[in-house]
Amino acid sequence: MVSYCGSFSNVLRLRLWSLLAAVLVSVVFQSSLAAQTYSGHELEEKVEGYLKQMTLREKLEYIGGYKDFYIRPVPRLGLPAVKMSDGPIGVRNYGMSTQYPACIMLAATWNAELANQYGTGIGRDCRGRGVHILLGPGVNIYRNPLCGRNFEYTGEDPVLASQIAVNVIEGIQSQGVLATVKHFIANNQDYRRFDSGSNIDERTLREIYMPAFKAAVQKASVGCVMCAYNLLNGDWCSANRWLNVDILKNEWGFDGILMSDWGAVHEIVGVANGGLDIEMPSGHFLNPDNLEIMVRSGKVTEATIDDKVRRLLRTVIRPGFLTQQQKLDYPMNDPKCAAIALDVAREGVVLLKNDSKTLPLDAADVKKIVVMGPFGGFVPEGGGSSRVEPFGEISTVDGIKDIIGSGTSLSYYPVLGRSVADGISKSSVYSHVAKDGTVKPGLLAEYYSNTRLEGDPVLVRSEDILNVASQRGLVDAVGLDQGVSVRWSGTITPDKTGEYTLALCSDDGMRVWLDGEVILDAWGDHAAQSDFIRSKLIAGKSYKLKVEYYQNGGDAVAQFGWGVQKSSLDDAVAAAADADAVIVCVGFGADSEGEGSDHSFGLPNGQDELIKAASAANKNTVVVVHSGGNVDMQEWISDVPAILQGWYPGQAGGQAIAEILFGKVNPSGKLPQTYEKSWEDNPTYNSYALKDGYSVDYTEGIFVGYRGFEKNKIKPQFAFGHGLSYTTFKYGKPNAIVAITDGKPHVMVTFSLKNTGKMAGSEVPQVYLSWKDASMAQPLKALKGFAKVNLKPGESRDVTVVLDSDALSSYDVNAGKWVIDGKKFEVLVGSASDDIRGKAGFKL
Ligand code: BGC
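Now for a look at the structure at hand. These figures come from a predicted structure and were not determined experimentally. (Residues numbered from 1 in each chain as written. Predicted model: local features only at pLDDT ≥ 70, side-chain atom pairs only at ≥ 80, totals over all residues. Heavy atoms only, no water.)

Structural notes on the overall build of the protein chain
Inference 1: When you go through the protein chain residue by residue, the secondary structure sums to 21 helices and 40 strands.
Inference 2: Here the protein chain has a C-alpha radius of gyration of 27 Å; the compact-globule value for 844 residues is 28 Å, and the two agree.
Inference 3: Taking the principal axes of the C-alpha coordinates as reference, the protein chain spans close to 85 × 75 × 55 Å.
Inference 4: Among the 844 residues that make up the protein chain, the fraction classed as buried is 62%.
Inference 5: Partitioning the intrachain contacts of the protein chain with sequence separation of at least 6 by distance along the chain shows that 77% fall at a separation of at least 24.
Inference 6: The distance from the centre of the 84 positive side-chain charges to the centre of the 97 negative ones in the protein chain is 4 Å. (Helix = DSSP H or I, 4+ residues; strand = E, 2+ residues; numbered from the N terminus. Rg over C-alpha atoms; globule rule 2.2 N^0.38 Å. Buried < 20%, exposed > 50% of the residue type's maximum accessible area, 1.4 Å probe, protein only. Contact = heavy atoms within 4.5 Å. Lys, Arg positive; Asp, Glu negative; His and termini not counted. Charge placed at Lys NZ, Arg CZ, Asp CG, Glu CD.)

Now the structure itself:
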């Protein structure tokens, strides 16, 4: 039996499981991780030894990043370069790698052991590429459905987020790689992420936004923390002394490095004194030229610099990076890691709705199946710095093909592209005048090795279409994936007069001129952003086209197309009419959900119309939603009998989805966030927009997610913790027994759980705490522990979840400490936050 409690520090059971997991992991991953690691006194002595030998200038150089993703080497002292890679859903920076499901999908598994495997797999991928530090996991709380990076994080609840974070970190670090928990703190939107401020009261910070970071430090001994871009209560996170020094380092005892997010530093003295240890990607502000004078004048003390250098040295010395051969001879396309990615996808898909047992489909009965929508034919992912290019992928169509027999017909109608630009770019036709004066087909492409289209191009060639869908396109062209700009020029000549669509999608900036006039302008640093215009073009007339693009970090997307937008909707609907099942795969994807901006609540690009057309044609329409969180379903939810939340499911996502559609896998994912009916229902609706253009007051306080929905008495579409199964579970009456250990109360919650259906399956019993005589404002209930239990049909087991005193505590701002608020409590045990199956009271 696996059980976990809310803050789980004293739970022997959990520790035993971690130990067992560690043993299993080391059996599964037999690897030679031999390294001279250091701890305690020996470590500090070694650190001091290096520190003493460094000149002030060397120290000041050391606290600035090197070559974008390194801690710099100091060859004179034998200190190696320490290599980082973006995460958190795979190793991004060094070519193709395992593409795991997004972290939100991992959270939806509610499976701490699997989270440990996920981290172990990523750690192993790091070792295969010689990476010392992985820039993940991300644990910012899901405040609302619009945040562009929700998919990189772990949901709305601090207990669930902490459990997942701790296990991922332990997994990564078990492989001789350091993890980085990010973004510290309150980076809960990507709209104006570079300059927005989050204003949050202390109790809310401590109870909602900090626990996953604190657990990462105190339970998982995370090696690194990355600061957030935003301000917290008026100070940049990169320079917030209270946050970084008083809380993170002094109160929580963090002795690793606090690195800046890329470009999150805006000043010298405030940052140097504010607890930041290394400025990334380079020492733009924190460098010898700026700092030597500050040290000499006493504005920054040498002791402050020494503290940063000590932490950097600890980071290098403690895990053994001084001597460890970081790159191991692991397969780059590692089957062990691929298996983990598939398992997470299988357990993370959430069956949101399943009227009249529409699912699972019976492969023997289904003779004709139609898949529609942009994401049926490939696996979508979120955009930005977490985007990993896999060695291969299994789409939902591929997954279904592998399951159905030869007697079943399967047809696929994408109908819509990933974005309008992607949809039409591949059939766009151009011509250009070559240097020798002849007219050639395609566009003239000029590539520059800077972001400003300056100097001589490093590559000039003709290209038939304009479609760079990932960094690989740039690397293939110029050997660079960052700091590149491109100009495409040529003419377009329509053969018919009529209305044409001209569309772009870019990450970062792109602008388009037609006959010398700017018609589309997305110039600026951002994640993938789409735009289009419609314009009347005359047959036979040649229009001069110029498109400029630059790539400045994170992901790379450059797509432009023009043409008459054709729709294959009629064909798809006709095929759907007599199908036994229709699967519509919709959502956001890298072109509309990602780092650098927030997104709409509604599905993009005409997808609602697609679902409505499919469900009007065929009652057996199943919708698969790919997104980092909730989307507006109101236009079609009552017309479709079944909905799967497919998140961004990683390289084998389509296999997992197909297995669930056909009942080869029983769904066991549960929502790590509340799904509202309308965006206005969300507790942060009135505290999302920036009040003065720069800051957000988190006026909902601790009432984020289900805490807020319950307080405001708003019934969500799907509650936190919701997720259906193909089997049924019966809960026995819970018992709550209080025990005192070391003067602190613990509550042992036990109950029986039985699989009363016909199929083996896993249930996630959730244990919530409810306050009966509180003096502080408390939520109606708060998650404090959960388990993931696999049962065969008819099988029954006793489940134990232990709540320790931390789980029972609230932060009293007046007293400046954690207290147990009241004496009378109740534990509520259920299958979802709105499906409580039993209660038990207890007194302290
Ligand atoms: C992101 C970080 C990322 C870094 C390096 C930043 O823009 O916010 O999460 O690790 O870039 O790519």
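Topic: helix 13 (residues 335-348)
Inference 1: For helix 13, which comprises 14 residues, the first-to-last C-alpha distance of 20 Å matches the rise-based estimate of 20 Å (1.5 Å per residue) to within 8%.
Inference 2: Every buried residue of helix 13 is accounted for by Cys337, Ile340, Ala341, Leu342, Val344, Ala345 and Gly348.
Inference 3: Buried residues along helix 13 sit in contact with helix 4 (103-109), helix 5 (112-128), strand 10 (350-354) and helix 19 (653-661).
Inference 4: At the N-terminal boundary of helix 13, the capping side chain belongs to Asp334, with an oxygen 3.0 Å from the backbone nitrogen of Lys336. (Expected span 1.5 Å × (residues − 1). Polar contact = N/O pair within 3.5 Å; in protein donor to acceptor, adjacent residues only side chain to side chain.)

Some remarks on the sheet that holds strand 19 (residues 498-507)
Inference 1: In spatial order, the strands read 17-24-19-22; together these four strands make up an open sheet with antiparallel pairing. Of all strands in the sheet, those bounded by a partner on one side alone are strand 17 (466-468) and strand 22 (529-537). Across the sheet, the axes of successive neighbouring strands diverge by a mean angle of 15 degrees, strand direction being ignored.
Inference 2: In this sheet, strand 24 (residues 557-563) lies alongside strand 17 in antiparallel orientation, the contact comprising three bridges. Considered in strand 24, the bridge of Val468 is made with Ala558. (Pairing = 2+ DSSP bridges. Axes fitted to C-alpha atoms, helices over the stretch in contact; angles between N-to-C directions.)

Some words on the environment of Asp798
Inference 1: For Asp798, the position within the fold is in strand 36 (residues 796-803).
Inference 2: It is 9.7 Å that separates the C-alpha atoms of Asp798 and Tyr731, two residues lying 67 residues apart in sequence.

Focus on the site of the ligand
Inference 1: Surveying the vicinity of the ligand reveals 14 residues, the closest of which are Asp86, Arg149, His183, Asp261 and Glu595.
Inference 2: The side chain of Tyr229 places a nitrogen or oxygen atom 2.9 Å from an oxygen atom of the ligand.
Inference 3: Within the complex, 94% of the 310 Å² of free accessible area of the ligand lies under protein.
Inference 4: A class-by-class count of the residues in the shell around the ligand yields five nonpolar, two polar and seven charged. (Near = heavy atom within 4 Å. Areas by Shrake-Rupley, 256 points an atom, 1.4 Å probe, with all protein chains shown as cover. Nonpolar A, V, L, I, M, F, W, Y, C, P; charged D, E, K, R; others polar.)

Things to note about the sheet that holds strand 39 (residues 824-832)
Inference 1: Pairing is antiparallel in the open sheet, where four strands are placed in the order 34-33-39-40. Two strands in the sheet have a free side with no partner beyond their single neighbour: strand 34 (782-786) and strand 40 (835-843). Ignoring which end each strand starts from, the neighbouring axes of this sheet average 30 degrees apart.
Inference 2: When strand 33 (residues 766-771) meets strand 39, the two strands line up antiparallel, connected through six bridges. The residue bridging Tyr768 from the neighbouring strand is Leu828, located in strand 39.

Here's the deal with unusual backbone geometry
The phi angle of most residues is negative, glycine excepted, and most peptide bonds adopt the trans form.
Inference 1: Along the chain, Phe184 connects to Ile185 via a cis peptide bond; the corresponding omega equals 15 degrees.
Inference 2: If you trace the backbone, Ile185 turns up in the loop between strand 4 (178-184) and strand 5 (197-199).
Inference 3: In this model, Met280 is joined to Pro281 through a cis peptide bond whose omega is 5 degrees.
Inference 4: Residue Asn605 is not a glycine yet carries a positive backbone phi of 65 degrees.
Inference 5: Structurally, Asn605 is set in the loop between strand 25 (581-587) and helix 18 (607-617).
Inference 6: By relative accessible area, Asn605 is classed as partly exposed at 25%.

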